[in-house]
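An overview of the molecular structure
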Amino acid sequence: MALLSFPYFPSHFPSLSFSPNTRRCSPSFKMSAQQTATTAIVWFKHDLRIHDHPALTVASSFQSLLPLYVFDRRILSRFSDEMLELLLFALQDLRNSLKERGSNLMIRFGNAEHVIQQLASEVNASCVFAEQEVEYELYLLLDVMKECMKSVTVRERAPRIELWNTPFYDVNVLQNLPASYDDFKKLRLPVTEPLQLSKLPAADMELDWGTLPVYDDVKNFITSNQGRLRERWNSIKLTSAETLLRNKIMKSSGSSEGSYDSRQLQSKKSNESVFLSQKGNAVGGGTNNVLNALAAYLRYFEGTARDDWQEIHEKVRASESRNGASFIALFGPALSLGIISRRSVHYEAIKYERERNAGFISPFGYSATTIAGAVDAVCSKEWYWLMALRNQTNNDGIHSTRMWKWNGFLIQYTVAGNDGPAVVLVHGFGAFAEHYRDNINGLAGAGNRVWAITLLGFGNSEKPNIVYTELLWAELLRDFIVDVVGEPVHLVGNSIGGYFVSIVSCLWSVLVKSVVLINSAGNVVPSYTYIPLPEDRKTSGASWLGSRVLLLYLRLRIQELVKKCYPTRTERADDGLINKMLRASYDPGSPVVVESIFSFNLSIPLNFLIEEFREKVLIIQGMKDPISDSSSRVATLKEHCDGLVIKELDAGHCPHDEVPEQVNDILYEWIPRIESQILTGSPA
């Protein structure tokens, strides 16, 4: 395993409320004597800890405290099976930790806003603490909860809603922060330290605290009100793209090897294992468990005789798919559930670095790559959370820009339209949802509901330290359709996005009504006799160096390169588009995304991917594409792919943005045509 160390560049976000009717909650926030003489409710969601929990610190000054966790289907349905397991372990530990400090954790089932409304009335709560959210659906849930609380009266007024977060830096004016991470680093803001909690007030009344359910009970609760269609859709996510693709390729080649299962045998767990879920992929349990695992992770290069630490070191070796990737693989779920705060990870990593270097922190990088991996990961997450929060408060554009969390990572998307067929727009490499800036509203105005997603690794979406593959992006699109859109869609993809769209239509055809490929990546292989199976991607020193050189080159020549992709209307490659691309190129994790260029596997023929779907495939080809020979490509498609509809345009690599009116007109005709054929059951 190769682990390399890189310099740490700090980042993070403020402790601010995003509503003028809520108040900032921080350890220095003071409550009035009248308020603290009453009861406070602390609503736990993704903050399952007592260590470094600002809301608990403030709420401890109240006369009575009611910690609460609500099993709400809208929250739970977002979790994988493994995350549900880890959630239950974390809640058990949280309840035990609260009891040790004189409190308890109330367990309830139902819609959180109704549960909290009822409890606030029963216990005369004057204040409800809830962690701030940037994910759109949870943001709405907080708004609904605030509306419900207006009907509750305690001491002649409605209970206050205190939205809080755990500030990495003490930033007072969110909008004054630079949009560029490169500029943000220059501020060199000091990092705040985690909070400690000693004792909590009890709930000064007799209460039914509820029983913590077992896993099967939670699963039954989640699915109890689901229809069969929703249940089938959710089951689509259970099988990986790699498994489905391998099975499909084997079936196509007539192989008798049987179904491929990508599950690997798990190593033997120690009695003190922190890998508690059935899959055993991630660190779980309570905060102390995670802190112990973090200590082992940071000290990977020291070696150990402890069984539990040896198991962690073994997992590090197994999950280090690229330099530093093991931290998010092992600790990502614990961070998502809030079992440990991001600044606690930073604090422990920096403390260990100082121990190793007699109190000295080098400006040239860390002394252990595990330290660098942990620090870089949490600082990166803080930056994207901050940007999501700022964009939320600035969301006054022509589209509704939202955030969705996928596998613990923030994904930005745009929505327009209220009625009609669902259309999902997928950009190409280096672009973002706004690349469809003049298609979104046009399609919505023509009677469609439009979603434009910014893929993981691009634009304002998170750029984690992982290995990026075409199958990973295809799974992202699959889950976006299932979880966010919720119905079959017309999938539109440009460049490499077209290849991802083709994979989705091949593996999960039930999710797709039609496919539109705009200057798509991928090769047409006539009469193919062999289809290569997906392989594990390996990074190398050459790809690491190559990505950084390439990124520097792209930054220096980005305007020239983009204009070449707009040969007939170079003015469309304007400053707004270029500046957004440049800004994203400085985000933490951008070099890792660029590195994926060196490991892309587009060897599966495009005609194989769309073979069973091609009667509902539209090809829009800019014939002046500087990246590929469009004339040859169109000729090959016409000769070897029957049933396709092909539209040739006088444009370059991005016709949808270069000549949006022409592309929109084509889609205005295409989507109703397919909808009519689906309705009548006639062939395309």
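Conventions we followed
Per chain, the residues get numbers from 1 upward, laid out in the order the sequence is written. Per-residue local features of the predicted model are confined to residues with pLDDT of at least 70, and side-chain atom pairs are confined, for both listing and counting, to 80 or more; whole-chain, interface and lining totals are unaffected and use all residues. Only heavy atoms go into the side-chain values, all of them from the structure, while hydrogens and water stay out. Helix and strand assignments come from DSSP, with helices taken as H or I runs of at least 4 residues and strands as E runs of at least 2, each series counted from the N terminus. The rule is simple: take the accessible area with a 1.4 Å probe, protein chains only, and divide by the maximum for that residue type; under 20% is buried, over 50% is exposed, in between is partly exposed. Surface exposure here means Shrake-Rupley accessible area, sampled with a 1.4 Å probe, where a residue is shielded only by the protein chains that are shown. Residues grouped as a nonpolar core are buried Ala, Val, Leu, Ile, Met, Phe, Trp, Tyr and Cys residues, joined through side-chain atoms within 4.5 Å. Here, residues are in contact when the closest pair of their heavy atoms is within 4.5 Å. Under this definition, polar contacts are N or O atom pairs within 3.5 Å; protein pairs additionally need one hydrogen-donor-capable and one acceptor-capable atom, and for neighbouring residues in sequence, both atoms have to be side-chain atoms. Take a side-chain nitrogen of Lys or Arg and a carboxyl oxygen of Asp or Glu: if they are within 4 Å of each other, that pair is a salt bridge. Pairs of strands are assigned from DSSP output, requiring at least two bridges between the strands. Orient the strands so they point away from the viewer, and a crossover whose first-strand-to-second-strand path over the helix runs clockwise is right-handed. One less than the number of residues in a helix, times 1.5 Å, gives the span that helix is expected to have. By arc we mean the arc of the directions from the helix axis to the C-beta atoms, nothing more. The axes used here are C-alpha line fits, helices contributing only the stretch in contact, and every angle between their N-to-C directions lies in the interval 0 to 180 degrees. Should an angle lie under 35 degrees it is considered roughly parallel, over 145 roughly antiparallel, and from 65 to 115 roughly perpendicular; all remaining angles are considered oblique. Left-handed is the label given to a crossing in which the near helix is rotated counterclockwise from the far helix by less than a right angle, and right-handed is the label when the rotation is clockwise. Only Asp, Glu, Lys and Arg are considered charged in this grouping, and only Ala, Val, Leu, Ile, Met, Phe, Trp, Tyr, Cys and Pro are considered nonpolar; every other residue, Gly among them, is considered polar. Per residue, pLDDT captures the predictor's confidence, and it can take any value from 0 to 100. Two rings from Phe, Tyr or Trp (for Trp, the six-membered ring) form a pair when their centres sit within 6.5 Å of each other. Planes less than 30 degrees apart are called stacked, planes more than 60 degrees apart edge-to-face, and all others tilted. Two cysteine sulfurs form what is called a disulfide whenever their separation falls within 2.5 Å.

Glancing now at the overall build of the chain. Per the secondary structure count, the chain includes 25 helices and 14 strands. Relative to its full complement of 684 residues, the chain shows a buried share of 58%. Surface exposure of the chain reaches about 28300 Å², of which carbon and sulfur atoms provide 49%.

Turning to the nonpolar core, a few remarks are in order. Among the nonpolar cores identified, the biggest contains 179 residues, and Phe71 and Phe327 are the most heavily contacted of them. Here the element with the most residues in this core is helix α15 (residues 369–393); it accounts for 14 residues. Residues in contact with Phe71, not counting those within four places in the same chain, are Leu76, Leu87, Leu88, Leu91, Ile107, Arg108, Phe109, Gly110, Leu212, Pro213, Val218 and Phe221.

Before going further, it helps to spend a moment on the environment of Ser224. Looking at the element boundaries, Ser224 is found in the loop between α8 (215–223) and α9 (228–236). Taking relative accessible area as the criterion, Ser224 reaches 44% and is therefore assigned partly exposed. Sequence separation between Ser224 and Arg73 is 151 residues; the distance between their C-alpha atoms is 9.6 Å. Within the structure, Ser224 has its side chain in polar contact with the side chain of Arg73 (distance 2.8 Å).

To continue, consider the pattern of salt bridges. A complete count under the given rule lists 37 salt bridges for this structure. The shortest N-O distance in the salt bridge between Asp81 and Lys219 comes to 2.8 Å. Of this pair, Asp81 sits in helix α4 (residues 81–100) while Lys219 is found in helix α8, placing the two residues 138 residues apart along the sequence. A residue is classified by how much of its surface remains accessible, and Asp81, at 31% relative accessible area, is partly exposed. Since its relative accessible area comes to 26%, Lys219 is described here as partly exposed.

Further remarks concern the pairing of strand β14 (residues 645–649). The two faces of a sheet get side chains in turn, since along a regular strand they alternate between them. The pairing of strand β13 (residues 617–622) with β14 spans five bridges and is parallel. Of the residues in β14, the one forming a bridge with Leu618 is Val645. Since β13 and β14 lie parallel, the crossover through helix α23 (residues 630–640) that links them has a hand, and here it is right-handed.

Next up on the list: helix α5 (residues 112–123). A rise of 1.5 Å per residue sets the reference length of α5, with its twelve residues, at 16 Å; its end C-alpha atoms lie 16 Å apart and thus fit the reference within 8%. Within α5, burial applies to Ala112, Glu113, Val115, Ile116, Leu119, Ala120 and Val123. The buried residues of α5 occupy one face: seen down the axis, they fall within an arc of 160 degrees. Of the surrounding secondary structure, the elements contacted by the buried residues of α5 are β2 (39–44), β3 (64–71), α3 (73–76), β4 (106–109), β5 (125–131) and α6 (136–149). In the segment just after α5, Asn124 is the residue with positive phi, at about 55 degrees.

The next subject is the sheet that holds β14. The strands that make up a sheet are held in pairs by hydrogen bonds between backbone atoms, and each pair lies either parallel or antiparallel. Across the sheet, which stays open at both edges, the eight strands sit in the order β7-β8-β10-β9-β11-β12-β13-β14 with mixed pairing between neighbours. Only two strands of the sheet have a single neighbouring strand rather than two, namely β7 (400–406) and β14. Each strand axis lies, on average, 20 degrees off the axis of its neighbour in the sheet, ignoring direction. Across the sheet, helix α18 (residues 496–507) touches β9 (422–426), β11 (489–494) and β12 (512–518), and the angle it forms with β11 is around 145 degrees. Set on the sheet, helix α25 (residues 660–680) makes contact with β9, β11, β12, β13 and β14; between it and β12 the angle comes to about 155 degrees.

Below, the discussion takes up the side chain of Ser319. With respect to the helices and strands, the residue Ser319 is situated in helix α12 (residues 307–319). Ser319 has contacts with Ala325, Ser326, Ala329 and Leu330, leaving out every residue within four places of it along the chain.

What follows is about the packing of α5 against α6. Look at α5 against α6: their axes get within 9 Å of each other, and the N-to-C directions meet at 30 degrees. In terms of their interaxial angle, α5 and α6 are classed as roughly parallel. Between α5 and α6 lies a crossing whose hand is right-handed. Residues Glu113, His114, Ile116, Gln117 and Ala120 of α5 form the contact with α6, whose own contacting residues are Leu141, Val144, Met145, Cys148 and Met149. Class assignment for the residues of the contact of α5 with α6 results in seven nonpolar, two polar and one charged.

Per-residue pLDDT for the chain has a mean of 88; in total, 90% of the residues score no lower than 70. Taken together, the stretch residues 1–28 has pLDDT below 50 and engages in 130 contacts with residues farther than four places along the chain or on a different chain. Low pLDDT, under 50, characterises residues 256–268; the predicted model gives this stretch 18 contacts beyond four residues in sequence or across chains.

One non-glycine residue, Asp52, adopts positive backbone phi at about 55 degrees. Judged by relative accessible area, which is 0%, Asp52 ranks as buried. One non-glycine residue with positive phi stands out, namely Arg155, at about 55 degrees. Tracing the backbone shows Arg155 in the loop between α6 and β6 (160–164). Accessibility expressed as a relative area gives 46% for Arg155, which makes it partly exposed.

The next point concerns α18. Side chains that are three or four residues apart share a direction in an α-helix, a result of its 3.6 residues per turn. With twelve residues, α18 extends 17 Å between its outermost C-alpha atoms, agreeing within 8% with the 16 Å of an ideal straight helix rising 1.5 Å per residue. When you tally the buried positions in α18, you get twelve out of twelve residues, the bulk of the element. Where α18 is concerned, the buried positions are Ile496, Gly497, Gly498, Tyr499, Phe500, Val501, Ser502, Ile503, Val504, Ser505, Cys506 and Leu507.

Within the secondary structure, Val42 sits in strand β2. Between the alpha carbons of Val42 and Ala55 there is a distance of 7.2 Å; along the sequence they are 13 residues apart.

This part is about the packing of aromatic side chains. Applying the stated rule across the entire model yields 20 aromatic pairs. Seen from their ring centres, Phe327 and Phe331 are 5.1 Å apart, and the 20 degrees between their planes marks the pair as stacked. Note that Phe327 and Phe331 are positioned in helix α13 (residues 325–336) at a spacing of four residues, about one turn of the helix. Using a relative accessible area of 0% as the deciding quantity, one classes Phe327 as buried.

One pass over the structure, following the stated rule, counts zero disulfides. With no disulfide of its own, Cys654 has Cys565 as its nearest cysteine by sulfur position, at a separation of 5.3 Å.

Bringing the packing of helix α11 (residues 287–298) against helix α14 (residues 342–356) into the picture now. To describe two helices that pack against each other, one gives the angle between their axes and the distance between the axes. Relative orientation of the contacting elements α11 and α14 amounts to 40 degrees, with a least axis distance of 11 Å. The orientation of α11 relative to α14 falls into the category oblique. For α11 against α14, the interelement crossing comes out right-handed. Together, Leu291, Leu294 and Leu298 of α11 and Val345, Glu348, Ala349 and Tyr352 of α14 make up the contact between the two elements. Looking at the contact of α11 with α14, its residues break down into six nonpolar, no polar and one charged.

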